[in-house]
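Summary of the model geometry
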Amino acid sequence: MSAILETSELPAVFDGVKLAAVAAVLYVIVRCLNLKSPTAPPELIYQDSALARFLLKSCPLLTKEYIPPLIWGKSGHIQTALYGKMGRVRSPHPYGLRKYLTMPDGATATFDLFEPRSEHCIGEDVTMVICPGIANHSEKQYIRTFVDYAQKNGYRCAVLNHLGALPNIELTSPRMFTYGCTWEFGAMVNYIKKTYPQTQLVVVGFSLGGNIVCKYLGESQANQERVLCCVSVCQGYSALRAQETFMQWDHCRRFYNFLMADNMKKIILSHRQVLFGDNMKKPQSLSDADLSKLYTATSLMQIDDNVMRKFHGYSSLKEYYEKESCLQYLHTIYVPLLLVNAADDPLVHESLLSIPRALSEKKENVMHVLPLHGGHLGFFEGSVLFPEPLTWMDKLVVQYANAICQWEKTKPHCSDAEQAMSAQE
């Protein structure tokens, strides 16, 4: 009798184990996918002003809920991974012309120029000058998607190809793009201003490109002439402060650091003959020993210290990060400035977000937009599983640019000097 009872209890025990295992798996899925996180409008940090009130009225995306894909969209890691692996889904192929500019040191800067495909909402000539993320260029899918959407909204687009990033373009000087060098971006902007004397500019930077465009604008008041506004998406603002967080394992930042370092190594090594060969123009501080250290590097910081900083003669990694970050230039930007980050961006530590927050609380021309979700340059939208080709980020940048164009056309005219004084106040 006891044997019969024992055998009848065994299935119940196994069922309990299965149920516990299923519950554990579901718990892990819910935690990893962040399914319990609510959807909400982005957090906005700004000073109450006529410009801010106009933007809130003219940009519905600033006050509307950002709703990512239901199953995976609340995970910053998945959003970031999809951006890194796919870029975008069903990405268009806008047609552009590649331009080549010879720099004073012999480097050849390239950018792609895309003409507008419709009339702009204010009926004027407006050009978006775009700086992509680290080691990116105009052929990346997220750039193609954004450019296509901007063209359809009446914008000419000029997209910088970071020096050394395009696989089919050889370096003509022993120098690559760096974290904050603005030379190539400045050359592209000057070309646009000279070629299209009636055009006005909207400056856009993604990730590392956000640092470059903000640094460029802040370096000189002349750089802000004919600039309507600037949009920076998912940048970290201070490389010096970010380097410590990039070596931490929380939110897998150390793993992302390794992956990006591996990609940078491949790009540098593809140009090793120009950078490390017998070239009289190469930086004297760049040696074969640095090439050996590059092979064993596992972080961006090691690559920056052994290779990147030496392109511009910085004596230390600390000096390189301090001088190449936009942090010291942000307060000298007087044109309308939109700083966009995601709260779940695994690459940008939350401590770095105090920089745009503090700036937005002090300057009337600055607004910081912080949605709960989006990851690093993800911001996918969609119903349940499959994302839409166009992202929340693409639509926000164009919507903000349209609003600024309308603001500039309707507000009382004032000189650049008066704008600068107003922004500094």
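Keep in mind the model is a prediction, meaning the values are calculated, not measured.

Some details on unusual backbone geometry
Non-glycine residue Tyr 237 carries a positive phi angle of around 75°. For Tyr 237, the location among the structural elements is in the loop between β7 (227-233) and α7 (239-245). According to the relative accessible area criterion, Tyr 237 is buried, its value standing at 0%. Backbone geometry places Phe 379, a non-glycine residue, at a positive phi of 55°.

Brief notes about helix α14 (residues 392-410)
Its 19 residues place the ends of α14 27 Å apart at the C-alpha level, agreeing with the 27 Å of an ideal helix rising 1.5 Å per residue. Across the 19 residues of α14, 14 count as buried, placing the element largely inside the fold.

What to know about the packing of helix α8 (residues 253-270) against helix α10 (residues 288-296)
Here α8 crosses α10 at 145°, and the two axes come no closer than 10 Å. Regarding α8 and α10, the two cross each other, and that crossing is left-handed. In this structure, α8 contributes Lys 265, Ile 268 and Leu 269 to the contact, and α10 contributes Leu 291, Leu 294 and Tyr 295. Residue composition of the contact of α8 with α10, by class: 5 nonpolar, no polar and 1 charged.

Quick word on the packing of aromatic side chains
Taken as a whole and judged by the stated rule, the model has 13 aromatic pairs. Ring centres of Phe 111 and Tyr 191 lie 5.3 Å apart, and the angle between their planes is 65°; on these two criteria the pair is classed as edge-to-face. In this pair, Phe 111 sits in strand β3 (residues 108-114) while Tyr 191 sits in helix α5 (residues 183-195), placing the two residues 80 residues apart along the sequence. The exposure class assigned to Tyr 191 is partly exposed, which follows from its relative accessible area of 24%. Stacked on the ring of Phe 380, the Lys or Arg Arg 88 has its end atom at 5.1 Å from the ring centre. For Arg 156, the ring lying beneath its charged end belongs to Tyr 196, and the centroid distance is 3.7 Å.

A closer look at the side chain of Thr 391
Here Thr 391 shows up in the loop between β9 (366-370) and α14. On the basis of relative accessibility, which here comes to 0%, the residue Thr 391 falls in the buried class. Polar contacts involving the side chain of Thr 391 include one to the side chain of Asp 394, which spans 2.8 Å. The contacts of Thr 391, once residues within four sequence positions are left out, are Arg 88, Gly 378, Phe 379, Phe 380 and Glu 381.

Side note on the UniProt feature "active site" (unreviewed entry) in the protein chain
Mapped onto this numbering, the UniProt entry gives "active site" (unreviewed entry) at Ser 207, Asp 345 and His 376. Despite a sequence span of 170 residues, these residues sit close together in the fold, their greatest C-alpha distance being 11.1 Å. Counting through the fold element by element, Ser 207 comes out in the loop between β6 (200-206) and α6 (208-219). Each residue touching Ser 207, except ones within four places of it in the same chain, is listed here: Gly 133, Val 233, Cys 234, Gln 235, His 376 and Leu 377. Relative to the helices and strands, Asp 345 resides in the loop between β8 (337-340) and α13 (354-362). On the basis of relative accessible area, Asp 345 is assigned to the buried category, the value being 4%. Setting aside anything within four residues of it in sequence, one finds Asp 345 in contact with Cys 234, Gly 375 and His 376. Within the local environment of Asp 345, its side chain forms a polar contact with the backbone nitrogen of Leu 347, the two atoms lying 2.9 Å apart.

Regarding the pairing of strand β5 (residues 156-161)
For β5, a buried count of 6 out of 6 residues is recorded, marking the element as mostly surrounded by other parts of the structure. Neither face of β5 is left uncovered, since the one carrying Arg 156, Ala 158 and Leu 160 and the one carrying Cys 157, Val 159 and Asn 161 both have all their residues buried. Running through helix α4 (residues 141-152), the crossover from strand β4 (residues 126-131) to the neighbouring parallel element β5 is right-handed.

Re a nonpolar patch on the surface
The grouping of Leu 70, Ile 71, Val 384, Leu 385 and Phe 386 at the surface amounts to a nonpolar patch, some 480 Å² of accessible area in total. Structurally, Leu 385 can be placed in the loop between β9 and α14.

What counts as what
- Residues numbered from 1 in each chain as written.
- Predicted model: local features only at pLDDT ≥ 70, side-chain atom pairs only at ≥ 80, totals over all residues.
- Heavy atoms only, no water.
- Helix = DSSP H or I, 4+ residues; strand = E, 2+ residues; numbered from the N terminus.
- Buried < 20%, exposed > 50% of the residue type's maximum accessible area, 1.4 Å probe, protein only.
- Expected span 1.5 Å × (residues − 1).
- Axes fitted to C-alpha atoms, helices over the stretch in contact; angles between N-to-C directions.
- Left-handed = near helix turned anticlockwise from the far one by under 90°.
- Contact = heavy atoms within 4.5 Å.
- Nonpolar A, V, L, I, M, F, W, Y, C, P; charged D, E, K, R; others polar.
- Phe/Tyr/Trp six-rings, centres within 6.5 Å; stacked < 30°, edge-to-face > 60°.
- Lys NZ or Arg CZ within 6 Å of the ring centre and 35° of its normal.
- Polar contact = N/O pair within 3.5 Å; in protein donor to acceptor, adjacent residues only side chain to side chain.
- UniProt positions renumbered as here; feature names shortened; annotations may be inferred.
- Right-handed = clockwise from strand over helix to strand, strands pointing away.
- Patch = residues over 30% accessible without salt bridge, like charges linked within 9 Å, V, L, I, M, F, W, Y side chains within 5 Å.
- Areas by Shrake-Rupley, 256 points an atom, 1.4 Å probe, with all protein chains shown as cover.
- Salt bridge = Lys/Arg side-chain N within 4 Å of Asp/Glu carboxyl O.

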